[in-house]
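The residues making up each chain are set out below.
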Amino acid sequence: MFSYRHAFHAGNHADVLKHLLLIATLRHLQLKEPAITLIDTHAGAGLYRLDGDFADKGGEAVNGVVRLFAACRPATGAPAVQTTPLIDDYLDLVAGFNPSGSLRVYPGSPFVIERLMRAESRDRLKLFELHPTDGKTLSANIAQLDAGRAVVVKREDGFEGLKPLLPPPADAKGSRRAMVLIDPSYEIKSDYAKVSACIQDSLKRFATGTYLVWYPVIPRAEAHDLPRKLRGHAQRAGRPWLHATLAVGHPPLGPDERPGLTASGVFVINPPHTLHAGLAEALPLLVEALGRGRGQGHTLEHSG
Ligand code: SAM
């Protein structure tokens, strides 16, 4: 357990998909004024250096966010790939962490969310991270923000920690709102069953919350079944859903080469009604910018 460190993967194609959806979803929720309780059950370290030791070993951002910037916003010449409002919003947010212009820092989900929080609406962010080192790094990174009680880091199990936070507190007008990101590393097989049980339980506690679940698209029965199970939970609770996948494929491989993770998905329960149209525009362009060959493509389905 705990061999997974997100720093090896920060800014890869899976982060691009996940964070683009996260931003689009939160932006839409924020069109209404009441406070939102924001919960990230598997937060990671928060900020990652793209030129650091971890990134050097994996270098996954090179085929993710770095490649997307090069395609959509090249330093010289015309862009090779068009952008869309969702892609632009994502690129702008990442660029905001890199004022010098070169991509050195990648914001993980806690910092993506924190950047969008509204002080005037009193949005609140609860972060869970169980890895001892990443938990400490996350606490230190968040402390730099001076966010006070608006952002809380707990070095606890996010699946368990989520339960008492739902339903979220009501504001003065009785409004309760929450957005939950569930993004485990799935390094242990039981994570798939835990995610499914967590969504089932969360919908009982707070059916109108917006839930985003990231998962890897890999040849493993549990991974294949997860979106089907999540769709079942949403349907039984009578809630709308959306499911997007992005596959970057891979170039021809040598006999001893492995492609690594080439595809992932995000399942959203109670998605913004605008998300489907935004993704229908963005996903083909993400494939164009990030696709690497065999197996590349995207899927997008929703409850309508
Ligand atoms: N959400 C982050 C982002 O988008 O930047 C990435 C998170 S990474 C995929 C998953 C993280 O969950 C790892 O840092 C891992 O240490 C942590 N983790 C694993 N099991 C956990 C649990 N039960 N509760 C909280 N964190 C956990």
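About the criteria used
Residues numbered from 1 in each chain as written. Predicted model: local features only at pLDDT ≥ 70, side-chain atom pairs only at ≥ 80, totals over all residues. Helix = DSSP H or I, 4+ residues; strand = E, 2+ residues; numbered from the N terminus. Buried ≥ 20, exposed ≤ 12 C-beta atoms within 10 Å, placed from the backbone. UniProt positions renumbered as here; feature names shortened; annotations may be inferred. Contact = placed C-beta atoms within 7 Å. Pairing = 2+ DSSP bridges. Axes fitted to C-alpha atoms, helices over the stretch in contact; angles between N-to-C directions. Expected span 1.5 Å × (residues − 1). Arc of directions from axis to C-beta.

Here we come to the environment of Pro74. Relative to the elements of secondary structure, Pro74 occurs in the loop between helix H3 (65–72) and helix H4 (85–96). For Pro74, a count of 12 C-beta atoms within 10 Å translates into the label exposed. Linking Pro74 and Ile199, residues 125 residues apart in sequence, is a C-alpha distance of 40 Å.

Further remarks concern the UniProt feature "site: Interaction with substrate rRNA" (unreviewed entry) in the chain. Feature annotation in UniProt assigns "site: Interaction with substrate rRNA" (unreviewed entry) to the following positions: Tyr4. You can call Tyr4 partly exposed: it has 17 C-beta atoms within 10 Å. What Tyr4 contacts, discounting residues up to four positions off in sequence, is Ser185 and Glu187.

Here the focus is the environment of His19. Note on placement: His19 falls in helix H1 (residues 13–29). For His19, a count of 25 C-beta atoms within 10 Å gives the class buried. Taking the C-alpha atoms as reference points, His19 and Leu203, 184 residues apart in sequence, are found 23 Å from one another. The contacts of His19, once residues within four sequence positions are left out, are Tyr90, Ser109 and Val112.

The strand order across the open sheet formed by 8 strands is E5-E4-E1-E6-E7-E9-E8-E10, and the pairing between neighbours is mixed. The open sheet has two edge strands, strand E5 (151–154) and strand E10 (297–302), and neither has a second partner. Neighbour-to-neighbour, the strand axes of this sheet turn through a mean angle of 10 degrees, independent of strand direction. Sheet analysis places strand E4 (residues 124–128) next to E5, joined by 4 bridges and oriented parallel. Following the sheet pairing, Leu125 is matched in E5 by Val151. Packed onto the sheet, helix H8 (residues 190–205) meets strand E6 (178–182), strand E7 (210–216) and strand E9 (263–269) and runs at close to 170 degrees relative to E7. Of the strands in this sheet, strand E8 (241–247), E9 and E10 touch helix H10 (residues 275–290), which is tilted by about 170 degrees from E10.

Across its 12 residues, H4 extends 16 Å between first and last C-alpha, which sits within 8% of the 16 Å expected from 1.5 Å per residue. Along H4, the positions that sit buried rather than exposed are Leu86, Ile87, Tyr90 and Val94. Here the buried residues of H4 occupy an arc of 100 degrees about the axis, which is enough to place them on one side. Along H4, the residues that are exposed and aim more than 90 degrees away from the buried face are Asp92 and Gly96. At its buried positions, H4 is contacted by H1, H3, strand E3 (105–107) and H10.

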